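Examining the three-dimensional arrangement
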Amino acid sequence: MAVQITGIGMNLPSKSMTNSDFEKILDTSDQWITERTGIKVRYFSDKDQAASDLAYPACLEAIEKAKISKDSIDLIIVATVTPDYLFPTTACILQNRLGLPPTPAFDLLAGCTGFIYAAEVARNFLESQRYKCILVVAVEELTKILDLQDRNTAVLFGDGAAAAIFQHIEGDTGILSSYISADGSKHQNLILPAGGSKNPASIESINNKMHYIKMDGKAVFRDAVSMMISSTKEALSRANLNKEDIDLFIPHQANIRIIQSITKYFEIEQSKVHITVDKYANISSATIPIALYDAMSCGKIKNGMKVLLTAFGAGFTYGAMVIEF
Ligand code: UT7
């Protein structure tokens, strides 16, 4: 018995923001953003649209695609760094909104590696036979924690949601291997400094813009490359596979140059790498499942294909997963 994603859904806000739109509000240019990041467009949620509002349609689509009754969901995990509230969890809000009977539900915070972390939890809960059908959601509204006057971060992130149903399947396809890890020694390099117990909200925290993403881009770039390379190696080794056995690589989509550094290291041909950073930018935990959805929608993933997901994010967290569809 194996564990597989049996249905996947996604949802984006209706408002998009191009690089040219940013040229009007920041000292930046389409040329700089395109050359240094590969990003062209990102999506902005509405002021009154919470993470759960963005996630809900993605959940319905995943349930429909998996051809299950929503009542068969026996666990909900929501990966996010931008929940509706610090508490209650967005998972509880979605459990209620979906009209489910009492069902365990929790949020998981692992930065941009959130979906791979949540998928690893789902896999292990399913393999333990305690659960049969798990809804994993990854949703972010990063534009709500962006300083739109800071060109170092404002142009890099966007909003979006994805949801996936994980179930047992017959046969030996599905998740072939997974690996998650973390190194907290450089946690200051990518951080939302205020709003937690370390720096509770205050006039000072607001005046100092401490409720916005702060990032040392160069330092993050270096670790993103090395940690996604090591995660990829570990996931391949755990599945007893070589890079040549993988039909499609889906790396975290923060910067096209990070992706190019990884694919150059492994000597992977471009046709085997799925890119979405140009059209969605970095959506933290939602990036990987949205890219997976995108690849499926383009017909790039066919039955029998092996797909490798790898991600890196705040923490630093990192991880990778090989799935045979
Ligand atoms: O999901 C995981 C988290 N995020 C990441 O993985 C992101 C990792 N880091 C990166 O993607 C890149 O480091 C950045 C895109 C953030 C920055 O690219 P970079 O090539 O490392 O640029 P830089 O920070 O070294 O900045 C080079 C120049 C600076 O100007 P000076 O000091 O040389 O005059 C910046 O002020 O580019 C300037 N700059 C910009 N110029 C125009 C920075 N942002 C912008 C901008 N438009 N938006």
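Residues numbered from 1 in each chain as written. Predicted model: local features only at pLDDT ≥ 70, side-chain atom pairs only at ≥ 80, totals over all residues. Heavy atoms only, no water.

Burial analysis of strand β4 (residues 75–79) places five of its five residues in the buried class, the great majority of the element. Of the two faces of β4, the one carrying Leu 75, Ile 77 and Ala 79 and the one carrying Ile 76 and Val 78 are both buried. In this sheet, strand β6 (residues 133–141) lies alongside β4 in parallel orientation, the contact comprising five bridges. When the bridges of β6 are listed, Ala 79 appears paired with Ala 138. For β4 and strand β5 (residues 105–108), the ladder comprises four bridges, and the chain directions are parallel. Considered in β5, the bridge of Ile 77 is made with Phe 106. (Buried < 20%, exposed > 50% of the residue type's maximum accessible area, 1.4 Å probe, protein only. Helix = DSSP H or I, 4+ residues; strand = E, 2+ residues; numbered from the N terminus. Pairing = 2+ DSSP bridges.)

Another aspect to go through is the site of the ligand. Near the ligand lie 22 residues; those nearest to it are Thr 28, Arg 36, Lys 218, Asn 255 and Asn 282. For the ligand, a nitrogen atom lies 3.0 Å from a polar atom in the backbone of Gly 217. Residue Asn 282 places a side-chain N or O atom 2.8 Å away from an oxygen atom belonging to the ligand. Protein burial of the ligand: of its 940 Å² of free accessible surface, 75% is covered by the chains. Structurally, the ligand is housed in the second largest pocket. Listing elements by their share of the shell around the ligand, those giving two or more residues are α2 (30–37), α6 (151–154), α8 (217–238) and α9 (256–266). (Near = heavy atom within 4 Å. Polar contact = N/O pair within 3.5 Å; in protein donor to acceptor, adjacent residues only side chain to side chain. Areas by Shrake-Rupley, 256 points an atom, 1.4 Å probe, with all protein chains shown as cover. 1 Å grid on protein atoms, 1.4 Å probe; cavity = no way out; pocket = protein on both sides within 12 Å on 5 of 7 lines; lining within 4 Å. Sits in = over half its atoms within 2 Å of the grid points.)

Attention now moves to the nonpolar core. Phe 22, Ile 213, Ile 246, Ile 258, Ile 262 and Phe 312 are the most contacted members of the largest nonpolar core, which totals 45 residues. Elements that contribute at least two residues to this core include exactly α8, α9, β12 (306–313) and β13 (317–324). Looking at this core, the element that brings in the most residues is α8, giving nine residues. If sequence neighbours within four positions are ignored, Ile 262 has contacts with Val 225, Met 228 and Ile 229. (Core = buried A, V, L, I, M, F, W, Y, C linked by side-chain atoms within 4.5 Å. Contact = heavy atoms within 4.5 Å.)

A few words on the pairing of strand β1 (residues 2–11). Burial of β1 is extensive: nine of the 10 residues sit out of reach of the surface. Looking at chain direction, β1 and strand β7 (residues 159–169) are connected through nine bridges and run antiparallel. Counted as the bridge partner of Gly 7 is Ile 165 from β7.

Quick look at the side chain of Glu 140 now. For Glu 140, the position within the fold is in strand β6. Within the buried set, Glu 140 has no salt-bridge partner at all; the shortest N-O distance to an opposite charge, 11 Å, is to Lys 144. Within the local environment of Glu 140, its side chain forms a polar contact with the side chain of Ser 285, the two groups lying 2.7 Å apart. If near-sequence neighbours (up to four positions away) are discounted, Glu 140 is found in contact with Leu 54, Ala 79, Thr 80, Val 81, Thr 82, Asp 159, Gly 160, Ile 283, Ser 284, Ser 285 and Ala 286. (Lys, Arg positive; Asp, Glu negative; His and termini not counted. Salt bridge = Lys/Arg side-chain N within 4 Å of Asp/Glu carboxyl O.)

All right, on to the sheet that holds β13 then. What the four strands build is an open sheet, ordered β8-β13-β12-β11; its pairing is mixed. Bordering the open sheet on either side are β8 (174–182) and β11 (248–251), each of which pairs with just one other strand. In this sheet, adjacent strand axes meet at a mean angle of 10° when their direction is disregarded. For β8 and β13, the ladder comprises eight bridges, and the chain directions are antiparallel. By the bridge assignment for β13, Ile 175 is matched with Ile 323. (Axes fitted to C-alpha atoms, helices over the stretch in contact; angles between N-to-C directions.)

With that out of the way, let us pick up empty space enclosed by the protein. Applying the stated criterion to the full structure yields one cavity of 30 Å³ or more. Taken together, Thr 232, Phe 249, Pro 251, Ile 262, Thr 263, Ile 268 and Thr 310 make up the lining of the largest cavity. Secondary-structure elements contributing two or more residues to the lining of the largest cavity are β11 and α9. (Points joined across faces, edges and corners; volume = space filled by probe spheres on them.)

According to the stated counting rule, one finds seven aromatic pairs in the structure shown. Ring plane angle 35° and centroid distance 5.3 Å describe the contact between Phe 125 and Tyr 131, whose orientation is recorded as tilted. We classify Tyr 131 as buried; its relative accessible area is 16%. In this structure, Arg 97 packs its charged tip against the face of Tyr 56, placed 4.3 Å from the ring centre. (Phe/Tyr/Trp six-rings, centres within 6.5 Å; stacked < 30°, edge-to-face > 60°. Lys NZ or Arg CZ within 6 Å of the ring centre and 35° of its normal.)

With that out of the way, let us pick up the layout of surface pockets. Size it by volume and the largest pocket reaches roughly 1100 Å³. Put simply, the parts of the chain that give the lining of the largest pocket at least two residues each are β5 and β9 (190–191). Residue composition of the lining of the largest pocket, grouped by class: 20 nonpolar, 15 polar and six charged. Approximately 700 Å³ is the volume found for the second largest pocket. Lining the second largest pocket are 27 residues; nearest its centre among them are Asn 152, Leu 156, Met 215, Gly 217 and Asn 255. Taken together, the residues of the lining of the second largest pocket break down into 13 nonpolar, nine polar and five charged. (Nonpolar A, V, L, I, M, F, W, Y, C, P; charged D, E, K, R; others polar.)

It is worth stressing that arrangement in space is one thing and function is another; only the former is reported here.
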